[in-house]
Amino acid sequence: MLLKGQTALVTGANSGIGAAIVKAMAAAGANVGVNYIVNEDAADRIVKQITEDGGSAVALKADISKEDDVTNMFKALTDRFGALDILVSNAGIQRDSPFEQMSLEQWNEVIGVNLTGAFLCARQAVREFLRRETGATASQAAGKIIFVSSVHEVVPWAHHANYASSKGGIMMLMKTIAQELAPRKFRVNSIGPGAIKTPINKQAWDSPQAAAKLEELIPYGRIGEPSDIARVAVWLASDEADYITGATLFVDGGMLLYPGFRTGG
Ligand code: BGC
């Protein structure tokens, strides 16, 4: 029960990595907010499952790229649970396109959710951490933010200029606010997943041929599971990781190890 007595908000928590994180945080004793924008049923099922298992959860509909939605979501969460200890800024989308064909809409949509959404949620979390009386937290830090970034915060990705730019932006957002807020005892970090089996990249793993091709990029030889990320998120949010701030923990089976050089160079 590494997060006992704490409250966590996870964005994009009704599927993929976000769903695994919110369930793992609830299992670790946190009250959780399950943010979603589409597919309300999935969010409700997660809330039901957590509640049946003896936890506390609330589903929160919000488009995180919209300021008012974000403000209202945080208000609904703190009305229910009193205060916020952990934000997991996870919601993300891809709108892939060859660069010369990428529309402004595709660019704005991805930057809007992945980067502006991360900014809006992180800013609101910090306002909430500051609002709470000092000493009222169940953890050593006075507040914790975890961004779910990607290996693509450092790995360029053809046909994904909008997505890679958003993740590179998250890296500097994370580091800058980690630096700015450390004196307040807020910890800010990212997790950089590699290829994890979720709906966002289904076409890259759901046929044996596609999976074999993807595995060539992963020295450890297997595509990741959402639970691989969820375990790390629980630990990173907990006091076990109290001295970590301003870091990206890559959880990628070695994807960043230049696998093309195994046989070349
Ligand atoms: C993307 C996935 C991709 C993975 C590794 C993630 O950030 O969302 O589509 O499989 O990076 O390239």
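Everything here concerns the structure above.
Predicted model only: the values in this text are computed from it and were never measured.

### Structural notes on the packing of aromatic side chains
Each aromatic ring pair is specified by the distance between its two centres and by the angle formed by the two planes.
No. 1: Tallied over the entire structure, the rule returns three aromatic pairs.
No. 2: For the ring pair Trp 157 and Tyr 163, a centre distance of 5.7 Å and an interplane angle of 75 degrees mean the geometry is edge-to-face.
No. 3: Given a relative accessible area of 30%, Trp 157 falls into the partly exposed group.
No. 4: Ring geometry for Tyr 258 and Phe 261: centres 6.1 Å apart, planes at 85 degrees, overall edge-to-face. Here the two residues Tyr 258 and Phe 261 agree in accessibility, since each one is exposed.

### Quick word on the pattern of salt bridges
No. 1: Taken as a whole and assessed by the stated rule, the structure comprises 12 salt bridges.
No. 2: Here Glu 128 makes a salt bridge to Arg 131, at a shortest N to O gap of 2.8 Å. One end of the pair is Glu 128 and the other is Arg 131, both in helix α4 (residues 104–131) and three residues apart, which spans about a single turn.
No. 3: Lys 202 is the salt-bridge partner of Asp 206, the closest N and O atoms lying 3.2 Å from each other.
No. 4: Exposure remark for Asp 206: the relative accessible area of 43% places this residue in the partly exposed category.
No. 5: Each of Arg 222, Asp 228 and Arg 231 takes part in a single network of salt bridges with overlapping partners.

### Quick notes on the site of the ligand
No. 1: Close contacts around the ligand come from Gln 94, Ser 150, His 152, Trp 157, Tyr 163, Gly 194, Ala 195, Ile 200, Asn 201 and Met 255, and that covers them all.
No. 2: Between the ligand and His 152 there is a distance of 2.7 Å, counted from an oxygen atom to a side-chain nitrogen or oxygen.
No. 3: In this structure, an oxygen atom belonging to the ligand sits 3.2 Å away from a side-chain N or O atom of Asn 201.
No. 4: Here the ligand loses 90% of its free accessible area of 310 Å² to cover by the protein chains.
No. 5: The class makeup of the residues in the shell around the ligand is five nonpolar, five polar and no charged.

The rules we used
- Residues numbered from 1 in each chain as written.
- Predicted model: local features only at pLDDT ≥ 70, side-chain atom pairs only at ≥ 80, totals over all residues.
- Heavy atoms only, no water.
- Phe/Tyr/Trp six-rings, centres within 6.5 Å; stacked < 30°, edge-to-face > 60°.
- Buried < 20%, exposed > 50% of the residue type's maximum accessible area, 1.4 Å probe, protein only.
- Salt bridge = Lys/Arg side-chain N within 4 Å of Asp/Glu carboxyl O.
- Helix = DSSP H or I, 4+ residues; strand = E, 2+ residues; numbered from the N terminus.
- Near = heavy atom within 4 Å.
- Polar contact = N/O pair within 3.5 Å; in protein donor to acceptor, adjacent residues only side chain to side chain.
- Areas by Shrake-Rupley, 256 points an atom, 1.4 Å probe, with all protein chains shown as cover.
- Nonpolar A, V, L, I, M, F, W, Y, C, P; charged D, E, K, R; others polar.

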